Amino acid sequence: MWVSRRAAAVPGSVFSLMDAAKSRARERGLEVIDLSIGSSDLNPPDTVLEALRDATRDPGTYRYPLFSDTAPLREAAAAYLGRRFGVTVDAASEVLPLIGAQEGLAHLLLAVTDPGDAVLLPDPCYPPYLGAVAVAGVQAVPLPLLPERGFLPHLDAVPEGMRPRVLLLNYPNNPTSAVADVAFFHRVAAWCRARGVLLVHDHPYAELTFGEYRAPSALEAGLDGVIELHSLSKTHHMGGFRVGFAAGDAGVIAALARVKGAVDFHPYLGIQRAAALALGLPDAVGRVGAAAFEARRDALVPALRELGWEVQTPQASMYAWARVPGLTDSVAFAVRAAEETGVAVSPGRAFGERGEGFVRFALVQPPEVLREAARRLAGVAVAGREAQPR
């Protein structure tokens, strides 16, 4: 009787099924290779950890952090955006620290939508997007991401009469690893401005790019009606620190700050110091982590293709998105794979209807472990028949 309609609308997580399957695998004596969670296994830079250690010995960091205390982090974020993307933002009015980008999105929707508003969400998408929409009491309108279109949205297919409040995008993309160029963001921003739609770009994989590819920022299309969410969880391997920032349209940043002011303080001052230092590190430091994930990609993708699975070579992110021939129930397949082989992957259906037929691999193990995972998966049954090892 105490559950609100908002709470009841939050989708259940299929990952609880995966946790149970992993437990059963361990009970059978299998060594689990967990590729189901996109949590970086690399360490933050040593200088970042030293900054945090020093801060914990400073009594001045123990109090509640006020907005004025966030100035060093806001200035570091503004400098990073300028150096990396050529984007100029005002640190005082166009940047706001977050307790992680996931928290930021949930509060952002509360700040810019009213119950019943429509929000365009990619399908497939990162599952917490659906939870944030449910908590805000708004309507999720799926925007298909199709392989034949490079997993980019077809905005012309949105009905003319629809007036969505927000368009949420994410490139480099989770789960598909698709990427976008700066021309794409200019087109999307123009589409949104013509319709009075706020463009929200979730950008946690900005620095996990491979080869010559470098991810652009949606803010390169202008700040008016655009908000971008950045996280240090992937780019600087600081997932447990829970720190990131939002940047863009000053009016939207002010609304977000108002909501956050009602429900939370800012990150611990020591974490803010560590994050500010991380954002100011030379680009070469971030490329070290990207190179590690690129080597893992180069180990896993060919191994999956040897199984006859369809998988593109990602240009960015920390995932491989693989279509399994004949697969019609990705949840059952993922549970069976974990129980029978100890290899845990994310079922595509967990990311939306358009994810069915796919599984997602998080590149969070060394290359030799990823190749071993592919070897184990060779004999897992697909849709009631035995897969043929190749």
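The rules behind the values
- Residues numbered from 1 in each chain as written.
- Predicted model: local features only at pLDDT ≥ 70, side-chain atom pairs only at ≥ 80, totals over all residues.
- Heavy atoms only, no water.
- Pairing = 2+ DSSP bridges.
- Helix = DSSP H or I, 4+ residues; strand = E, 2+ residues; numbered from the N terminus.
- Axes fitted to C-alpha atoms, helices over the stretch in contact; angles between N-to-C directions.
- Buried < 20%, exposed > 50% of the residue type's maximum accessible area, 1.4 Å probe, protein only.
- Contact = heavy atoms within 4.5 Å.
- Salt bridge = Lys/Arg side-chain N within 4 Å of Asp/Glu carboxyl O.
- UniProt positions renumbered as here; feature names shortened; annotations may be inferred.
- Core = buried A, V, L, I, M, F, W, Y, C linked by side-chain atoms within 4.5 Å.
- Right-handed = clockwise from strand over helix to strand, strands pointing away.
- Disulfide = S-S within 2.5 Å.
- 1 Å grid on protein atoms, 1.4 Å probe; cavity = no way out; pocket = protein on both sides within 12 Å on 5 of 7 lines; lining within 4 Å.
- Points joined across faces, edges and corners; volume = space filled by probe spheres on them.
- Nonpolar A, V, L, I, M, F, W, Y, C, P; charged D, E, K, R; others polar.

Things to note about the sheet that holds strand E8 (residues 244-248)
The seven strands lie next to each other as E2-E8-E7-E6-E5-E3-E4, forming an open sheet whose pairing is mixed. Looking at which strands have only one partner, the edges of the open sheet turn out to be strand E2 (95-98) and strand E4 (139-144). Averaged over all adjacent pairs, the angle separating strand axes in this sheet is 20°, with direction ignored. The sheet contact formed by strand E6 (residues 198-202) and strand E7 (residues 226-231) spans four bridges and is parallel. Considered in E7, the bridge of aspartate 202 is made with leucine 229.

Focus: the environment of alanine 350
Residue position: alanine 350 is located in the loop between strand E12 (346-347) and strand E13 (358-362). Assessed through its relative accessible area of 17%, alanine 350 is described here as buried. Residues alanine 350 and leucine 377 lie 27 residues apart in sequence; the distance between their C-alpha atoms is 20 Å. Sequence-distant contacts of alanine 350, that is, excluding residues within four places in its chain, are made with Val14, Phe15 and Pro127.

Digging into the sheet that holds E13
Here we have four strands laid out as an open sheet, ordered E9-E10-E13-E12, and antiparallel in their pairing. The two strands at the open ends of the sheet, each matched to only one other strand, are strand E9 (310-311) and E12. Bridge count between strand E10 (residues 319-323) and E13: five bridges; the pairing is antiparallel. Bridging across to E13, tryptophan 321 finds its partner in arginine 360.

Structural notes on the pattern of salt bridges
What the rule picks out here adds up to 18 salt bridges. Across the pair arginine 53 and glutamate 50 runs a salt bridge whose closest N-O atoms are separated by 2.8 Å. Here arginine 53 and its partner glutamate 50 are both found in helix H3 (residues 46-56), three residues apart, which amounts to about one turn of the helix. When its relative accessible area of 40% is taken as the criterion, glutamate 50 is described as partly exposed. Residues participating in the shared-partner salt-bridge network are Asp19, Lys22 and Asp34.

Considering the UniProt feature "domain: Aminotransferase class I/classII large" (unreviewed entry) in the chain
Mapped onto this numbering, the UniProt entry annotates "domain: Aminotransferase class I/classII large" (unreviewed entry) at residues 32-377. Within the segment residues 32-377, helix and strand shares are 40% and 16% respectively, and the terminal C-alpha atoms sit 12 Å apart.

Focus on the nonpolar core
Formed by 101 residues in total, the largest nonpolar core has its most connected members in Leu167, Leu199, Leu304, Trp309, Val359 and Phe361. The leading source of residues in this core is helix H4 (residues 71-85), at seven residues. Each residue touching leucine 167, except ones within four places of it in the same chain, is listed here: Leu120, Leu143, Leu155, Val188, Trp191, Cys192, Val197, Leu198, Leu199 and Val200. Leu109, Val166, Val200 and Ala246 belong to the second-largest nonpolar core, a separate cluster that totals 25 residues.

Regarding the pairing of E4
Remark: a regular strand shows side chains that alternate across the two faces of the sheet. Direction of pairing for strand E3 (residues 118-123) relative to E4: parallel, over a ladder of six bridges. Residue pairing in the sheet places valine 119 in a bridge with alanine 140 of E4. For the crossover from E3 across helix H6 (residues 128-136) to E4, the handedness is right-handed.

Details of the state of the cysteines
Evaluated as defined, the whole model comprises zero disulfides. Sulfur of cysteine 125: no disulfide; nearest cysteine sulfur belongs to cysteine 192 and is 17 Å away.

Some details on the layout of surface pockets
Of the volumes computed, that of the largest pocket is approximately 990 Å³. For the largest pocket, the lining is made up of 50 residues, of which Gln102, Tyr126, Pro127, Pro128 and Tyr129 are closest to its centre. Of all the elements in the fold, those that place two or more residues in the lining of the largest pocket are helix H5 (101-112), E3, H6, E4 and helix H8 (232-235). Among the elements that make up the lining of the largest pocket, the one with the highest residue count is H6 (six residues). Its residues placed into classes, the lining of the largest pocket shows 28 nonpolar, 16 polar and six charged. The space that makes up the second largest pocket amounts to roughly 350 Å³.

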